[in-house]
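Spelled out from the first residue to the last, the chains are:
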Amino acid sequence: MELITTHTHTCFTNHGEGTVEELVSAAVAAGVSTIAVTEHYPMTATFDPDRYLSMPAERMGEYLAAIEAAREAHPEIEVLVGCEMDWLGDDEDRVITAEDVAPFQLILGSVHLVDRWPFDDPAQRGRWDEVGADLIWRRYFEVWCEAVSSDAPFHVMSHPDLAKKFGFYPSFDPQPLYEQAAEAC
């Protein structure tokens, strides 16, 4: 059986750990044949004022160089250059050009913010108690489906189940939400 992993993170964000080299070396040791390094694409200070959620823009060159170095050091594994790009919808304040996304072989689309709130940030977990799981689950799937049907440069969407991160579940059966998300794809 071939082992492939396409959603990985490193120390290029302040919430990740390990270098690209350590990530690729661990993948080789585990028998992985293909790995995509998919660090969080830079966001502006409006959405990431503490530079915790995404890779700082000024580190992009270093990030791409680290992936290329790991690729050269490990010809026994296919190493894909990727990123995970957050869908910000009508709040998008970045101008992302074709040139900006050209280096990436894989762009994961994701939703980590619901109405400007990074709902999966452990530091903001308490807000779930204020808002309630039902609202968060419904709104997460609405935003996720917007992302899927957008013209954003995503190749594939990631984690449609992120709303379950803290173990809060809606009072209703979420299956119709998953079906709606599948139809949007």
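Above this text is the structure in question.
Because the structure is predicted, anything quoted here is derived from the model rather than measured.

(A) Layout of the pairing of strand 4 (residues 106–110). With five of five residues buried, strand 4 lies mostly within the body of the structure. Across the two faces of strand 4 the burial is the same, with Leu106, Leu108 and Ser110 and Ile107 and Gly109 all buried. The pairing of strand 3 (residues 78–86) with strand 4 spans five bridges and is classified as parallel. The residue bridging Gly82 from the neighbouring strand is Leu106, located in strand 4. With two bridges joining them, strand 4 and strand 5 (residues 156–157) adopt parallel strand pairing. For Leu108, the partnering residue across the bridge sits in strand 5 and is Val156.

(B) Spatial organisation of the packing of aromatic side chains. In this structure the tally under the stated criterion is 13 aromatic pairs. Aromatic pair Tyr41 and Phe104: ring centres 6.2 Å apart, planes at 75°, arrangement edge-to-face. In this pair, Tyr41 sits in the loop between strand 2 (32–40) and helix 2 (60–73) while Phe104 sits in the loop between helix 3 (98–101) and strand 4, placing the two residues 63 residues apart along the sequence. The burial state of Tyr41 is the same as that of Phe104; both residues are buried. The interplanar angle of 85° and the centroid separation of 6.3 Å between the aromatic rings of Trp128 and Phe166 together place this pair among those described as edge-to-face. Here Trp128 is found in helix 4 (residues 127–131), whereas its partner Phe166 is found in the loop between strand 5 and helix 6 (175–184), with 38 residues between them in sequence.

Analysis parameters
- Residue numbers restart at each chain and count upward from 1, following the sequence in its written direction.
- Predicted model: local features are reported for residues with pLDDT of at least 70 only, side-chain atom pairs are reported and counted for 80 or more only, and whole-chain, interface and lining totals are derived from all residues.
- In computing side-chain properties, one takes all heavy atoms of the structure into account and sets aside hydrogens as well as water.
- For every residue, the accessible area (1.4 Å probe, protein chains only) is compared with the maximum for its type, and the residue is labelled buried under 20%, exposed over 50%, or partly exposed between those bounds.
- Each helix is a run of H or I in the DSSP string that is no shorter than four residues. Each strand is a run of E no shorter than two, and both are numbered from the N terminus.
- Each pair of strands is called paired provided DSSP finds at least two bridges between the two strands.
- Only centres within 6.5 Å qualify two rings of Phe, Tyr or Trp (six-membered ring in Trp) as a pair; their planes then separate them into stacked at under 30 degrees, edge-to-face at over 60, and tilted for everything else.

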